[in-house]
Amino acid sequence: MRIILSESKEEAINTVASTLIEKVAEHPKIVIGLATGKTMEPVYKRWVEIAKDKNIDHSQCFFFMLDEYLGISADHPSSFKSYIKRHLLIPLNIEEDQIEFPPVDRPLKEAGTFYESRIKDKGGIDLQLLGIGQNGHIGFNEPGSLKNSRTRVVDLSDDTRVVNSAGFIGEMPVRAVSMGIETILEAKSLLMLVTGKSKADAVKFLLNHHDDSSCPATFLKTHSHFNLVLDPEAASKINLKI
Ligand code: F6R
């Protein structure tokens, strides 16, 4: 794991957005796994700004979403599909056939294997963008998830439902489809951004524990290309110097 300590939240966001842009410019056919959440909103904003400024072509890229709620329609304003359309696809003119979403409309029994086969067909994920939950979840792999978990239907923890209900329109779902930990570990590289005080305990736990299912993010530390970008608040409970 490589830790990148930033001097400000803006710098952390810029580091992540610039890394994504560099990768797209170097490898136009890159396959990127996308995350949602509040942390990622300014990243997508910056990504769009830099891409427009530098005229970066995204027409050959392919994207996979990390997770999606169950029990709401795909065009629900709080679905992750709507989120990513709003923040990335529409601003960058990325076509709908350049992205795959967890198949929440298929029989749920086969949703996981179907999604995994789509990832395999595309040659795997080159770069997976990640945030972390205050409870250490990754995607919707909640505490208790196993290291060898694959894409599947998951129950959202009460903690996650409370945190995510801020800004959620309508009733908060109880389940989701999420890539599993092992699925995420198969991505060639992982890029995690953590910002804000509310994540400082999760970051401290992540750095001090290994393979601990009470904080699924700890499973990612065995990945050979795991970059963790922190802003000063997220890093405020650990002893690292820039
Ligand atoms: C997003 C996701 C989640 C978030 C995490 C942090 O697709 O799967 O793991 O990364 O819940 O969310 P925010 O950034 O809203 O604190």
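Presented here is a report on the structure given in the accompanying data block. (Residues numbered from 1 in each chain as written. Predicted model: local features only at pLDDT ≥ 70, side-chain atom pairs only at ≥ 80, totals over all residues. Heavy atoms only, no water.)

## Looking at the overall build of the chain
Piece 1. If you tally the helices and strands in the chain, you get seven helices and ten strands.
Piece 2. The C-alpha radius of gyration computed for the chain amounts to 17 Å, which stays within 12% of the reference 18 Å derived for 242 residues, consistent with globular compactness.
Piece 3. Considering only C-alpha atoms, the chain reaches an extent of 45 × 40 × 35 Å along its principal axes.
Piece 4. Partitioning the contacts of the chain with sequence separation of at least 6, the portion at a separation of at least 24 is 77%.
Piece 5. If you sum the accessible surface of the chain, you get close to 11300 Å²; carbon and sulfur atoms cover 49% of it.
Piece 6. Distance from the positive charge centre (29 side chains) to the negative charge centre (33 side chains) of the chain: 2 Å. (Helix = DSSP H or I, 4+ residues; strand = E, 2+ residues; numbered from the N terminus. Rg over C-alpha atoms; globule rule 2.2 N^0.38 Å. Contact = heavy atoms within 4.5 Å. Areas by Shrake-Rupley, 256 points an atom, 1.4 Å probe, with all protein chains shown as cover. Lys, Arg positive; Asp, Glu negative; His and termini not counted. Charge placed at Lys NZ, Arg CZ, Asp CG, Glu CD.)

## Concerning the environment of Asn93
Piece 1. Locating Asn93 in the fold gives a position in the loop between helix H3 (80-89) and strand E5 (99-100).
Piece 2. According to the relative accessible area criterion, Asn93 is exposed, its value standing at 63%.
Piece 3. Spatially, the C-alpha atoms of Asn93 and Asp57 are 9.8 Å apart, while their sequence positions differ by 36 residues. (Buried < 20%, exposed > 50% of the residue type's maximum accessible area, 1.4 Å probe, protein only.)

## A short note on the sheet that holds strand E2 (residues 31-34)
Piece 1. In spatial order, the strands read E1-E10-E9-E6-E2-E3-E5; together these seven strands make up an open sheet with parallel pairing. Pairing within the sheet leaves two strands with one partner each, and these edge strands are strand E1 (2-5) and E5.
Piece 2. Strand direction decides the pairing type here: E1 and strand E10 (residues 226-230), joined by four bridges, are parallel. Residue pairing for E10: Ile3 is matched across the bridge by Leu228.
Piece 3. The strands touched by helix H1 (residues 9-26) within the sheet are E1, E2, strand E6 (127-130), strand E9 (189-194) and E10, with E9 carrying the most contacts at an inclination of about 155°. (Pairing = 2+ DSSP bridges. Axes fitted to C-alpha atoms, helices over the stretch in contact; angles between N-to-C directions.)

## Notes on the nonpolar core
Piece 1. Counting residues in hydrophobic clusters, the biggest one holds 78 residues, and the most contacted among them are Leu34, Trp47, Ile84 and Met192.
Piece 2. When residues no more than four places from it in sequence are discounted, the contact partners of Leu34 are Tyr44, Trp47, Phe63, Phe64, Met65, Leu66, Ile84, Leu88, Ile99, Gln128 and Leu129. (Core = buried A, V, L, I, M, F, W, Y, C linked by side-chain atoms within 4.5 Å.)

## Thoughts on the environment of Ile125
Piece 1. Tracing the sequence through the fold places Ile125 in the loop between helix H4 (108-121) and E6.
Piece 2. When its relative accessible area of 4% is taken as the criterion, Ile125 is described as buried.
Piece 3. Separated by 19 residues in the primary sequence, Ile125 and Gly144 place their C-alpha atoms 25 Å from one another.
Piece 4. The contact partners of Ile125, leaving out residues within four places of it in the chain, are Val31, Ile32, Gly33, Phe64, Ile119, Met179, Glu186, Ala187 and Lys188.

## Things to note about unusual backbone geometry
Piece 1. Even without glycine at this site, Asn93 takes up a positive phi of about 55°.
Piece 2. Although it is not a glycine, Asp211 sits at a positive phi angle of roughly 40°.
Piece 3. Structurally, Asp211 is set in the loop between helix H7 (200-208) and E10.
Piece 4. For Asp211, a relative accessible area of 40% gives the class partly exposed.

## Quick notes on the site of the ligand
Piece 1. If you check the shell around the ligand, you find 13 residues, and the closest are Lys38, Thr39, Asp67, His137 and Lys199.
Piece 2. With respect to the ligand, the backbone of Thr36 contributes an N or O atom lying 2.8 Å from an oxygen atom.
Piece 3. At 2.4 Å, a side-chain N or O of Thr39 approaches an oxygen atom of the ligand.
Piece 4. Placement of the ligand is best described as lying within the largest pocket.
Piece 5. Among the residues making up the shell around the ligand, the classes are represented as three nonpolar, seven polar and three charged. (Near = heavy atom within 4 Å. Polar contact = N/O pair within 3.5 Å; in protein donor to acceptor, adjacent residues only side chain to side chain. 1 Å grid on protein atoms, 1.4 Å probe; cavity = no way out; pocket = protein on both sides within 12 Å on 5 of 7 lines; lining within 4 Å. Sits in = over half its atoms within 2 Å of the grid points. Nonpolar A, V, L, I, M, F, W, Y, C, P; charged D, E, K, R; others polar.)

## Concerning the packing of H1 against helix H2 (residues 40-54)
Piece 1. The contact between H1 and H2 brings their axes to 9 Å, and the two run at 50°. Here H1 is positioned oblique relative to H2, judged by the angle of their axes. Relative to H2, the crossing made by H1 is right-handed. In this structure, H1 contributes Ile13, Asn14, Val16, Ala17, Ser18, Leu20 and Ile21 to the contact, and H2 contributes Pro42, Val43, Arg46, Trp47, Ile50 and Ala51.
Piece 2. The residue inventory of the contact of H1 with H2, partitioned by class, reads ten nonpolar, two polar and one charged. (Parallel < 35°, antiparallel > 145°, perpendicular 65-115°, else oblique. Left-handed = near helix turned anticlockwise from the far one by under 90°.)

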